[in-house]
Amino acid sequence: LIQPATLRAMEPPQKKAKTEEEEDAPNDKSARIKEMPAFLTEDTTMNVIPSSTGNMLTTLTDGGLQYLMAGARSNIGLKSGRYAFEVKILESSAPHEDPAARNRIMGSRSQLRIGVATTTSSLFLGETEDSLCFDSDGNFFRGRRKSTGGPKFTTGDVVTLVVNMDTTGTNAKTVSLFKDGQRCSPPQPLPESLANQALYPALSFRNICVFYNFGPVPLVLLPFTCRLVKDASQKDVTIKVEKPDEQHEVLFPVSLPDEGGFDWLDQFLESHPSFSELSDRALLRWCEKSGIHRPKGYQAAARSSNDKPEMGFGIAALDDLSVRRMLQAVAGLQKRNLVVMEMKSNLLKSERKELTTRWAACGCKRVAAVVVGEPPASFRAFSQEMMLRIKQEALTAEFKAKVQEERKKTAEKQQPLDPENKAKKVQDALKRKAEFERRKREAETRGEPFDEKEDDEEEVKDVELEDVPQAELTAEEKKLVFRKAPVNDLTPYVLNTNFQKFSLPDDEEEFDEIRWVWHDEDRAKQHLNEWIQMKKLTSRLEDLVPGEWFNAKWKEWQKVVQSYQAKQNVYKAEAKKNATEVDKDVGEEKERVDFDHLDVFGVEDVSDVGGGEPLFAFFGFEDWTLMSARYELHLMAHAFSKDSNDPDRVAVPVEHLPFYYQKYYKKALNPKAFGVENCEEVVDLVRDTVLITGKSKVLEAQLPEDLESTNLFVMLTEESRRDRNRRIDMGDDSAKLKIQGHGGHGGHGGQNARPNAPTLSQQVMAASRRPGYSSQVRPASPFGDKGYDKGYDKGYGKGGYGGWEGRYQNWRW
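Described below are features of the structure shown in this document.

### Here's the deal with the packing of helix H15 (residues 621-643) against helix H18 (residues 711-729)
Moving on, step 1. Where H15 meets H18, the axes come as close as 9 Å, and the angle between the chain directions of the two elements is 135°. When the axes of H15 and H18 are compared, the pair comes out oblique. Considering the relative orientation of H15 and H18, their crossing is right-handed. Between H15 and H18, the residues in contact are Glu 622, Asp 623, Met 627, Arg 630, Tyr 631 and His 634 and Phe 713, Val 714, Leu 716, Thr 717, Ser 720, Arg 721 and Arg 724, respectively.

### A closer look at the pairing of strand E8 (residues 139-142)
Moving on, step 1. With three bridges joining them, strand E7 (residues 131-135) and E8 adopt antiparallel strand pairing. Bridge assignment links Phe 134 to a residue of E8, and that residue is Phe 140.
Moving on, step 2. Taking the residues that link successive antiparallel strands as the turn, the E7-E8 hairpin has three residues, and the phi of Gly 138 there is positive, at about 90°.
Moving on, step 3. Pairing of E8 with strand E9 (residues 145-148) involves four bridges; the strand directions are antiparallel. Bridge pairing in E9 links Arg 142 to Arg 145.

### Here we look at the sheet that holds strand E24 (residues 698-701)
Moving on, step 1. The antiparallel open sheet is built from three strands, whose spatial order is E22-E24-E23. Lying at the two open borders of the sheet, with one neighbouring strand each, are strand E22 (652-653) and strand E23 (690-693).
Moving on, step 2. Note that E23 and E24 share four bridges and pair antiparallel. Residue Val 690 lies in a different strand from E24, and its bridge partner there is Ala 701.

### Quick word on the packing of H15 against helix H16 (residues 657-665)
Moving on, step 1. Taken N-terminus to C-terminus, the directions of H15 and H16 make an angle of 90°; their axes are 11 Å apart at the nearest point. When the axis of H15 is compared with that of H16, the two are roughly perpendicular. Across from Tyr 631, Glu 632, Leu 633, Leu 635, Met 636, Ala 639, Phe 640 and Asp 643 in H15, the residues of H16 making contact are Leu 657, Tyr 660, Tyr 661, Tyr 664 and Tyr 665.

### A short note on the sheet that holds strand E17 (residues 249-255)
Moving on, step 1. Here we have five strands laid out as an open sheet, ordered E18-E19-E17-E20-E21, and parallel in their pairing. Either end of the sheet is taken by a strand with one partner, and the two such strands are strand E18 (275-278) and strand E21 (513-516). Direction aside, the axes of adjacent strands within the sheet are offset by 25° on average.
Moving on, step 2. When E18 meets strand E19 (residues 337-340), the two strands line up parallel, connected through four bridges. Bridge pairing in E19 links Ser 276 to Leu 338.

### Overview of the pattern of salt bridges
Moving on, step 1. Applying the stated criterion across every chain yields a total of 50 salt bridges.
Moving on, step 2. Glu 342 serves as the salt-bridge partner of Lys 308, at 2.6 Å between the closest nitrogen and oxygen. Taken together, the residues Lys 308 in the loop between helix H4 (280-289) and helix H5 (316-319) and Glu 342 in the loop between E19 and helix H7 (343-347) connect sequence positions 34 residues apart.
Moving on, step 3. Note on Lys 308: relative accessible area 32%, which makes it partly exposed.

### Let's talk about unusual backbone geometry
Moving on, step 1. The peptide bond linking Gly 215 to Pro 216 adopts the cis configuration, its omega dihedral lying at 10°.
Moving on, step 2. Note that Pro 216 resides in the loop between strand E15 (208-213) and strand E16 (237-239).
Moving on, step 3. Notably, Lys 173 is not glycine yet its phi reads approximately 55°, a positive angle.
Moving on, step 4. By secondary structure assignment, the location of Lys 173 is in the loop between strand E10 (158-164) and strand E11 (174-179).
Moving on, step 5. Residue Lys 173 is classed as buried on the basis of its relative accessible area of 17%.
Moving on, step 6. Backbone geometry at Lys 697 places phi at a positive 55°, although glycine is not the residue there.
Moving on, step 7. Topologically, Lys 697 is positioned in the loop between E23 and E24.

Criteria and cut-off values
Residues numbered from 1 in each chain as written. Predicted model: local features only at pLDDT ≥ 70, side-chain atom pairs only at ≥ 80, totals over all residues. Heavy atoms only, no water. Axes fitted to C-alpha atoms, helices over the stretch in contact; angles between N-to-C directions. Helix = DSSP H or I, 4+ residues; strand = E, 2+ residues; numbered from the N terminus. Parallel < 35°, antiparallel > 145°, perpendicular 65-115°, else oblique. Left-handed = near helix turned anticlockwise from the far one by under 90°. Contact = heavy atoms within 4.5 Å. Pairing = 2+ DSSP bridges. Salt bridge = Lys/Arg side-chain N within 4 Å of Asp/Glu carboxyl O. Buried < 20%, exposed > 50% of the residue type's maximum accessible area, 1.4 Å probe, protein only.

Put into C-alpha cells, the structure is as follows:
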C-alpha cells in the first residue's frame, strides 16, 4: 500500500490564488511610436511651469495663482490597446494665502487629479462630461459626478493609471488606478460617450510638483505586464505634433458691445482650440473650475458686465486682479496663441496702443480681428444653438426638480405611519444629522470649507430623455441677429462715457495684420458711425456738467419764486386783515379788480394785477409745484443742448429724464409725487411748456430760451388752474390733481384758495344778473377753441402757440 504522505508527494503543486484579473500584455511586434509623449504648451494652463530637464511639472504660487488649479493634457491620444502612465508627487507646497481664502477654497490646498480626457475637453479634469479621473483625496470623477475611488495618495507615492481601450477581454473599456504597484480601485468603466474616442492622459493639480513617466520603463512594477504610453503601437494612438517654426498670434477682437463679440469668441475658440483666452471672463471661469466659492455665485446674472465682471471672492489677490497681472506677465513668455479679449480697450485707440506695445516683445504676430456689422449665417446658427441649449438646460433642470419633488411626495404617501417605522425614520434622521455635524467639525478642524450641499437629496439621474420637454425658440428669438445675454457686455456707465470715442484699427497702428471678419473696412466703419449716432439718441451723457448759463438762470428763477411766494403771503395777510375790518365796520372794503374775468395773458405785472392783488393770489401747493415743473423742464431742455457740446445730442430722451433732472437740480424726479405713473405723464401735465416729440421720444421746449421775464410761467399756471377748476365744477373728476404734499387735493386752489371764494357756477349766476352779461365768464384759451374741452389734448402739438399770434401780439418774447 502507498502511504498518504507518498500520495501527497505525488500530487502536482497547487497554484497560488490569482489576485489580479488583468492579463499580461501580449507580445506585439507592430511598429512603435517615434514621437516623445509630452505636454504641449497650448495644452496646459498658463500657470504650469515645465522643468527644463526631466519630466516634471509645477505651478506658480504667487499673486493669487496659488488658488488656481493647473491643467495639462498630453499629446498622445489612446484609441485602442491597453497602456499605462505614472505620476509621482515630488513636493506639496503651502504658499502664503489670505486668511479669508480658508473658507473660500473647496477641497485640499494641494491636490492632484490623474485621468484621461478628449482633445476638446477642458484642461480641468472632473469638470466636464468628456473626462474622468482619480484625485489624491481618494475620489473618482466621471464627468462632474464624484464617488469613492480608493485610498488617498500623497508625496512620495507613485500612482499608475491603466487605460484599457480594448473592446474585448478582461476589463475592456475601463480605467484602473494603482498605488505603488498595487491596485487601489476596481476597474471603472468608460462612459459610452468616451468609449469610442481617443483619450489623452491628463493631469490637474494645485500647489504641487509632479514627476510624470510615459515610459518605456516603469518606476514600479504592476502585478501584470503593461506597456507604457511611450511603447505604444502606432496603430493604437493618435499624435498631436507641435510645429516648431510656427509664429504664434496674439489676437485682439474688436467688436461693438452687445453685438455678438463674446459669442463670436466662443465660436472662434471652439474651432481654434490652440488659442487661449486672456480676459476677466476667462479668469472667472478658471476660478469656478478651481473650486473657489464666490458668494454671489457664478451664474451670468451675478456679473456687472461680460467685459469686466467683478471678482467678488473676498480674497485680496483675486479681487484686486493681481492674479490677472501675473498671468499677463507669464503669458508673454510662453509660446502659445492668445486672444486678448478686452472689449472696451480694443475699441479705444489709446488703449489699443497700450495693449499692442505690451505684447511687442513676445515675438508674436499681433492681429486685430474686426468683428463689426452684419454676421454671416454660420454665426446666426451658432447663436441660436446657444440660445436653444441654454433654454433646454433650464427646462431640464426644472423638470428634474419637479420629478424629484413628486417622487418624494409619493414615497411619503406609500410609507406606513406605524410607530415602528416612525421611530426608525426619526433614528435615521438623527444619525444622518450626527454624521453631517461630524464631517462639518472635521472640515473646520482641518481649516477646509464644508460643502453642505453634499447632504442634500441625490439628483434625479434616471429620467428618460424622451420624458424631458424639448425647448423651442420663439418667433421673436429666431429673428434676433444677436443673442440677448443675461448681462450687457459693458456697464451702462462705461458704455455711455466711452462710446463716442470708439474707433476701428487703421494702418497707422502697430498691428501686424488687420482682419475684417464680417465686413470690409468701409462697411465696418459705416456701421460703427451709424451705431454711434443711434447711441447718442438713446444713451445717457454720464459726464454731463451743468454750464454757467444754466446755473445763472436757475439762481435767478429761485429768487423770483421766493419773491412770488412772499408777495402771496403779504397779500393773504392784508386780505384777511381787510376782511376783519369790514366785518367790524371799521372801514370800507377796498375796490378790487374783477379777478375772475381778468385776461390772464394781458397782465403787465403778475405781482399786481390791480389793488395789490397778484396773479398768483390763489395758487395752491399743486400750482406752485406745476409752475416749478414748467420752468425746470423748460430750462433743462434748453440747457442740455448747450451743455452736451454735441450737435447730435440736443434733446433729452424721456427715458433718461430722471437721470438728467438729478444731474441739473440735484433732486429726484419721482412721477408718483405728481400722482402719475411715469415721466411721460409728468410732461403731459405741463404740455403747454414742453412736449415729447419724435420717434426717439425726446423732450422739446415750446418756449424760446431768451424770454425777457418769467411772468409767462405764472400766466400759464393760472390759466391751467382756472381750467382745472371749471372742469371740476362741471363734474370732471379726471381734472383733479393727485400731487403729493401738504395742503390741497387738486381742487379750487388747494390750501391757498381765497376764503369763501365763489365757485365757478356761482360766478356764472352772478354774472348773468349783471348788465351786458355775456356767457363768456372767462377769457378765451390761448390754445384755441379746444383748449378747455377734451379736444385740448388732441389740438395741442408742436407749434401749438400759433393761436396766440393775433390775440397776444403785444407779448414780448
